[in-house]
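# Tertiary structure, described
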Amino acid sequence: MTAMPQTVPAYGAIQAAGVGALRPIERAFDAVFQAAANPWRHLGALSFFFFWIATASGIYLYIFFDTSVEGAYRSVEELTDGQWYAGGVMRSLHRYASDALVVSVVLHLVKELLAGRFAGFRWFSWVSGVPLLWLLLASGIVGYWLVWDELAQFIALATAEWFDALPLFSEPLARNFLAPGSVDDRLFTLLMFLHIGLPLALLAGMFIHVQRVNYGDVAPGRVLGWGTFLALLALSLARPATSMDPANLALVTQAVALDWFYLAFYPLFYEWSPNAVWALAAAATAALLALPLAARRARPPVAHVDLANCNGCGRCFADCPYAAVVMRPRQLSFVQMGDNAFAPQISPLPSPGEGSGVRAERNQVSLRGSVGGRPGQQHAVVIPGLCASCGICTGACPSSTPFRSSQRLVTGIDMPQQPIDTVRQELERELLSIAEERYPLGSHPSSPHPRPLSQKGRGEAIVPLLPPGEGSGMREGERRVMVFGCGHGAAAAACKSRDVATFSLLCIGMLPPAFIEYALRNGADGVLIAACREGDCEYRLGERWLGERLAGAREPHLRPSVPRERVRLVYAGCGEESVLRRELASLHAALARLPRNQRRRSSRDKFSVSAGMTKRNVQA
Amino acid sequence: MKTALRFIAQALLYLPFMVLIGYFSTSPAYRHLGADQALIRLSFSHAAQRIGECRQRTPEELAKLPPNMRAPLVCPRERAPVAIELEIDGKLVYQAAASPSGFTRDGAATVYQRLPIAAGRHRFTARLNDRVAPGFHYERDVTLDLEPGRVLVIDFNASQGGFLFK
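Attention now moves to the overall build of chain B. Helix and strand counts for chain B stand at two helices and 11 strands. Listing every helix and strand of chain B by position from the N terminus yields α-β-β-β-α-β-β-β-β-β-β-β-β. Here the C-alpha atoms of chain B give a radius of gyration of 28 Å, more than 25% beyond the 15 Å that 2.2 N^0.38 yields for 166 residues. Along the first, second and third principal axes, the C-alpha atoms of chain B reach 105 × 50 × 20 Å.

Attention now moves to the overall build of chain A. Per the secondary structure count, chain A includes 18 helices and 12 strands. Counting the 620 residues in chain A, one finds 43% classified as buried. Here the contacts in chain A between residues at least 6 apart in sequence split such that 77% fall between residues at least 24 apart.

For the rest of this paragraph, the subject is the environment of S504 of chain A. Residues and elements named next belong to chain A. Along the polypeptide, S504 turns up in strand 10 (residues 500-505). The spacing of S504 and A492 is 12 residues in sequence and 6.5 Å in space, taken between C-alpha atoms. If we ignore the near neighbours within four places in the chain, the residues touching S504 are G485, C486, G487, A492 and A493.

What follows is about the environment of S45 of chain B. Positionally, S45 of chain B belongs in strand 2 (residues 37-46). Among residues more than four places away in sequence, those in contact with S45 of chain B are E171 and R175 of chain A together with A108 and T110 of chain B.

Another aspect to go through is the sheet that holds strand 9 (residues 481-486) of chain A. Residues and elements named next belong to chain A. Overall, parallel pairing links the four strands, which are arranged 10-9-11-12 in an open sheet. Strands with a single pairing partner mark the edges of an open sheet, and in this sheet they are strand 10 and strand 12 (567-571). Going across the sheet, the axis of each strand differs from the next one's by a mean of 20 degrees, ignoring polarity. The pairing of strand 9 with strand 11 (residues 526-531) spans four bridges and is classified as parallel. In the sheet register, F484 faces strand 11, and the bridge partner there is I529. Each of strand 9, strand 10, strand 11 and strand 12 is contacted by helix 17 (residues 577-592), which is oriented at about 160 degrees to strand 11, the strand it contacts most.

Bringing the packing of helix 8 (residues 222-238) of chain A against helix 1 (residues 2-24) of chain B into the picture now. It is the contact of helix 8 of chain A with helix 1 of chain B, at a shortest axis distance of 10 Å, that shows an interaxial angle of 50 degrees. With respect to each other, helix 8 of chain A and helix 1 of chain B are oriented oblique. Relative to helix 1 of chain B, the crossing made by helix 8 of chain A is right-handed. For the pair helix 8 of chain A and helix 1 of chain B, the contacting residues are G227, A231, A234 and L235 of chain A in the first and Q10, Y14, F17, M18, I21 and G22 of chain B in the second. A per-class count over the contact of helix 8 of chain A with helix 1 of chain B returns seven nonpolar, three polar and no charged.

This paragraph deals with the pairing of strand 6 (residues 91-98) of chain B. The two faces of the sheet receive side chains in turn, since in a regular strand these alternate between them. Residues and elements named next belong to chain B. Looking at chain direction, strand 5 (residues 82-88) and strand 6 are connected through seven bridges and run antiparallel. Paired with L86 across the bridge in strand 6 is Y94. Between strand 5 and the antiparallel strand that follows it, strand 6, lie two residues; D89 among them carries a positive phi value of about 55 degrees.

All right, on to the environment of A109 of chain B then. Residue and element names in this part refer to chain B. As for its position among the elements, A109 is in strand 7 (residues 109-118). Between the alpha carbons of A109 and F44 there is a distance of 8.1 Å; along the sequence they are 65 residues apart. With residues near it in sequence (within four places) discarded, A109 still touches H46, A48, P81, V82, A98, S99, P100 and S101.

For the rest of this paragraph, the subject is the pairing of strand 10 (residues 151-157) of chain B. All names here are of chain B. As paired elements, strand 2 and strand 10 share four bridges and run parallel to each other. Its bridge partner being in strand 10, L39 is matched across the sheet by V151. As defined by bridge partners, strand 10 adjoins strand 11 (residues 162-165) across four bridges and the pair is classed as antiparallel. Bridge pairing in strand 11 links N157 to G162. Between strand 10 and strand 11, which pair antiparallel in sequence order, lie four residues; one of them, G161, sits at a positive phi of approximately 100 degrees.

Residue-level pLDDT values for chain A average 83, and 80% of them are 70 or greater. Under a pLDDT of 50 for its full length, residues 439-473 of chain A has, in the predicted model, 63 contacts with residues more than four places off or in other chains.

Rules and cut-offs
Residues numbered from 1 in each chain as written. Chains lettered and ligands numbered in written order. Predicted model: local features only at pLDDT ≥ 70, side-chain atom pairs only at ≥ 80, totals over all residues. Helix = DSSP H or I, 4+ residues; strand = E, 2+ residues; numbered from the N terminus. Rg over C-alpha atoms; globule rule 2.2 N^0.38 Å. Buried ≥ 20, exposed ≤ 12 C-beta atoms within 10 Å, placed from the backbone. Contact = placed C-beta atoms within 7 Å. Pairing = 2+ DSSP bridges. Axes fitted to C-alpha atoms, helices over the stretch in contact; angles between N-to-C directions. Parallel < 35°, antiparallel > 145°, perpendicular 65-115°, else oblique. Left-handed = near helix turned anticlockwise from the far one by under 90°. Nonpolar A, V, L, I, M, F, W, Y, C, P; charged D, E, K, R; others polar. pLDDT = per-residue confidence, 0-100.

Shown next, in the form of structure tokens:
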């Protein structure tokens, strides 16, 4: 969960209470629906779905609707009663899907608000969502006018009186509804135009709203889609939408059957005043729009691209959840190094917040020109304003493999706050910590001159694996486990013990699968990966991408040679450390039934060992 | 079996959703007027008299104007505000002075007022002044029976003799 904005003190308490109330509901629904069909995890997708149901049913109704004073009510009644099995059901679906749309949109807004997902790189999605609320309400309210029953009459006059409170019109709008005969057919043509135009504008706004997310959740899964549709259909059959009596401007209906999803604020016109409702609406809109500014905080460093290690494969581009990575034609710039010598200027490390790309160093001579790379070759470029700093791109990069022999591990796209080289170093330190429980430095029986890991070669086992009882000090059945955790999910550190090493990443999607193999090759008997609950990733796609990478459905794969029985993926959200411990115990038990981890070598492994050892030993 | 149970549980959890949508789409009914009440809509749009009389321009004034603008008669554009009063059963229930619309205050003055009233027999007295001079130049007094739920429109049209009770 995003840190609470410090500038709004009361917000923290509200957020904690709200999240505390919402999280158990979400998790309870997970148990019944599973994440893929949990409506609480797909409120945006449901909103799209309800919109499409309302659109499809609306098209059917439009075929039969008569846009005239006399015909409007009559045609709706004929639809409702004359063809209840089709028109009546469609009308009910139209209404209930529209109502459900309001429910899903409001819940979506509240959920994102409580999760603090409205500031920083998310500001655009938040701000672009605010006008949609107005468009949604306007679309629905205009729809109620079309029926031209007593409710429509009430809405028409109340809306007119509300707008008359603004100094916009030379003559009150409400005068258009004073007496029978003052309404003509052209009004219904106008209303129909609005009832088509406003939802179209809403759709355009929804399209803009999801522009900054890759793989936007705009369609629910099959189970959730059918479930909600059948629920609406059942409701339509059980309680068909009906009209009140036809509108009669000579009379006023004392009590109206309000649709509270769209018209909840109409009573305020009469309980307060139209101006008070305008003030409330303007204040609420301004507050929603200003939230990203009020919650503004220092942004974490964004991903940077290292051209020397970027081969333009596009995996980071494909995996970025927020479209912050784009692929551009590769250009290598050359700077003049001497009279006739030109050196390619690649891999500048931009400062945090700065975009990446090829540029000349300040202390070198002027840029003399640039040439393209191979035809069609590209490289990744990070758009800083869109970057969520999640590190998922690092996990996607094929260069993010710890088996590489370089002294300093540099990958194609990296996070300044948790570079892949630091990840490798800390992983090694963690592995060493569980190893040192068995083999304090200098005491390993198989190594007369044991070296710290940092002086070992890549691919060389941190701890030579011996059977229990052969000087290892390890009890029978004990196994070393490496736990990779997510900074936003269950705290991996809660599992740390003498034979369990833990390591936390910015997002679990940042974990390159090669690190799992690396841990297994370097002393771990098993690896437990703790991802956030499905559909609950702070950065939307981290847990999904990791799962697919482990399953071999997404690059980079976990290599087939990695023993799957030693690798376990668990979904545990924030505060669910008990789930993590339970899974860890289960993994321990499973590992105890397996033979001790035997280090395996491959031709690639041998290469990396020799190369790594040479380089690093020389430096040591 | 486990899948079947899950689908049953899902169906049960959809029920509150259906009840929520089904109920609040029409209920509870909102009563914005008492069962024994009627409604008066006092509304008109009326261009009041101008605040001054027209006068002839002097030859000197005309000479100063461009030839195409030498209209001999000059009239002030601004109109007087419209004062309105409504009494019901001898009690003043509404009083206002509506300003003319427009930047130069030369447009019509408009009034729209919604007044709930108990159903039954009532005496209505409406007065209007559309001039600078004090006093009311239009007045109408009627007694009407209003049924519950009836809308009484009180309009004003000078060409039709003043106040209209519809």
